[in-house]
Amino acid sequence: PFLAPDAPLSIYWRGGAPSLELVSGTELAVGCGMGRFDGGAEATKFMVQWDTSPAFDSGAGGEPLGTATPDASLELCSACVTKFDLLAQTLTVDGTDLLGALYADAAVLVNRKWLFRLAPTARPSFTNLTVQTGHAVFEDQTGSFSLHLLRTRFIVRGLEPGTPYFARCLAANREKGWSRPSTTDPTFEVPRAAPPPPESLAATVVNAETLEFSWP
C-alpha cells in the first residue's frame with residue numbers, strides 16, 4: 001500500500017526543518033528536503049507557500065499569498081549508478097559530482113524508485129556512496145541507473161522590502177498526493193538589503209581639524 005510522504009525536512013540535515021534564507025531586498029530562498037519516508041512512491045513535487053501571515057490566508061480567497069510547485073528532485077547524472085552492494089551498503093557511481101551537491105544524510109533516488117540516504121558518518125565520495133540501512137532494497141543491483149537528489153531551493157521573488165514573510169513546504173508522491181506542511185526555520189524572514197552608496201558626496205573644510213561631509 002502507498003501512503004502520502006512525510007512532511008519535508010531540512011536540505012542540510014534530516015533533524016531540521018526546511019530553511020528560509022535572505023537573498024536580497026526583494027527575494028528569499030526556501031529550502032525543502034525529503035522527509036523520512038516517501039510513502040512508497042516516487043516523490044514528484046514540493047509545494048512552497050509564503051505569506052505575510054502565519055495563518056497563510058492572506059490571498060483573496062483565504063489561500064496563501066503565494067504558491068509554487070518546483071520539482072522534488074535534481075538529476076545528478078543519467079545511467080551512472082552501476083551497482084548497489086547490499087553487504088557493504090554502497091552505491092558505485094561512474095561519474096563526477098559536478099554539482100558538488102552531495103552531503104551526509106542527503107536523500108537520493110536511484111532508478112527513480114529506490115530511496116537511499118547517505119550515511120551521516122561518512123565523507124561523501126561520488127564514486128562510492130555509503131548509504132544508511134533502513135531502505136527497501138534487499139538484494140544486490142547491477143546495471144545503469146539514474147541518480148537524483150531529493151531537494152529543492154526555491155527563490156521567492158518580487159517581495160516587499162521590510163515586510164516579514166512566513167514560508168512552509170509540502171511534498172507529493174505519484175500515488176497519494178501531498179504531505180502535511182512543514183514550517184521553515186526560522187519561521188519568518190524579512191527581505192532587506194544594505195542601502196545604495198550616495199550618488200554624490202561633498203566635503204567642506206570647517207576648520208584646520210574638521211571636515212564636514214554631506215550628500216543628498
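None of these values were measured; they are calculated from a predicted model. (Residues numbered from 1 in each chain as written. Predicted model: local features only at pLDDT ≥ 70, side-chain atom pairs only at ≥ 80, totals over all residues. Heavy atoms only, no water.)

1. Details of the overall build of the chain
Then comes step 1: Along the chain, the regular secondary structure elements total zero helices and 15 strands.
Then comes step 2: The C-alpha atoms of the chain give 23 Å as radius of gyration, which overshoots the globular expectation for 216 residues (17 Å, by more than 25%).
Then comes step 3: Across its three principal directions, the C-alpha atoms of the chain cover 85 × 50 × 25 Å.
Then comes step 4: Per-residue burial for the chain yields a buried fraction of 44% across its 216 residues.
Then comes step 5: Intrachain contacts of the chain at a sequence separation of at least 6 include 65% that bridge at least 24 residues.
Then comes step 6: Surface accessibility of the chain: about 11600 Å² in total, with carbon and sulfur atoms responsible for 53%.
Then comes step 7: Mean positive and mean negative side-chain charge positions of the chain (16 and 23 charges, respectively) differ by 8 Å. (Helix = DSSP H or I, 4+ residues; strand = E, 2+ residues; numbered from the N terminus. Rg over C-alpha atoms; globule rule 2.2 N^0.38 Å. Buried < 20%, exposed > 50% of the residue type's maximum accessible area, 1.4 Å probe, protein only. Contact = heavy atoms within 4.5 Å. Areas by Shrake-Rupley, 256 points an atom, 1.4 Å probe, with all protein chains shown as cover. Lys, Arg positive; Asp, Glu negative; His and termini not counted. Charge placed at Lys NZ, Arg CZ, Asp CG, Glu CD.)

2. Some thoughts on the nonpolar core
Then comes step 1: Within the largest apolar cluster, 23 residues are counted, with the highest numbers of intra-cluster contacts made by V81, L91, V93, L102, V110, F116 and L147.
Then comes step 2: For this core, the leading source of residues is strand β5 (residues 73–85), giving five residues.
Then comes step 3: Formed by 21 residues, the second largest nonpolar core is a distinct cluster that contains V48, L150, L159 and A171. (Core = buried A, V, L, I, M, F, W, Y, C linked by side-chain atoms within 4.5 Å.)

3. Describing the side chain of R168
Then comes step 1: Within the element layout of this structure, R168 appears in strand β11 (residues 165–173).
Then comes step 2: Within the structure, the side chain of R168 is placed 2.6 Å from the side chain of Q49, a separation counted as a polar contact.
Then comes step 3: Ignoring sequence-local partners within four residues, the contact set of R168 consists of M47, V48, Q49, F56, P64, P181, S182, T183 and T184. (Polar contact = N/O pair within 3.5 Å; in protein donor to acceptor, adjacent residues only side chain to side chain.)

4. Focus on the state of the cysteines
Then comes step 1: Enumeration according to the criterion identifies two disulfides in this entry.
Then comes step 2: Disulfide pairing is shown between C32 and C169; the S-S distance is 2.1 Å. In this structure the cystine formed by C32 and C169 twists about its S-S bond by roughly -65 degrees; its chirality is therefore left-handed. Taken as a pair, C32 in strand β2 (residues 27–33) and C169 in strand β11 lie far apart in primary sequence, 137 residues in all. As far as burial versus exposure is concerned, C32 and C169 are alike and both buried.
Then comes step 3: Across a sulfur-sulfur distance of 1.6 Å, C77 and C80 are joined as a disulfide pair. Accessibility assignment for this pair places C77 and C80 in one class, buried. (Disulfide = S-S within 2.5 Å.)

5. Here's the deal with the pairing of strand β8 (residues 114–117)
Then comes step 1: Along β8, one buried face is formed by W114 and F116 and the opposite face, lined by L115 and R117, is buried too.
Then comes step 2: Sheet topology note: the strand β7 (residues 107–110)/β8 ladder contains four bridges and is antiparallel. Bridging across to β8, A107 finds its partner in R117.
Then comes step 3: Hairpin connection between β7 and β8: a loop of three residues separates the two successive antiparallel strands, and N111 in this loop has a positive phi of roughly 60 degrees. (Pairing = 2+ DSSP bridges.)

6. Quick word on the packing of aromatic side chains
Then comes step 1: In this structure the tally under the stated criterion is four aromatic pairs.
Then comes step 2: Across the ring face of F56, the terminal group of R168 is positioned such that the distance to the ring centre comes to 4.2 Å. (Phe/Tyr/Trp six-rings, centres within 6.5 Å; stacked < 30°, edge-to-face > 60°. Lys NZ or Arg CZ within 6 Å of the ring centre and 35° of its normal.)

7. Digging into unusual backbone geometry
Then comes step 1: Of the consecutive residues D185 and P186, the connecting peptide bond is found in the cis state with omega at 0 degrees.
Then comes step 2: Tracing the chain through its elements places P186 in strand β13 (residues 182–189).
Then comes step 3: With a phi close to 55 degrees, F56 is a non-glycine residue in the positive phi region.
Then comes step 4: Position of F56 relative to the elements: it lies in the loop between β3 (43–51) and β4 (66–68).
Then comes step 5: Of note in this structure, N111 is not a glycine but carries a positive phi near 60 degrees.

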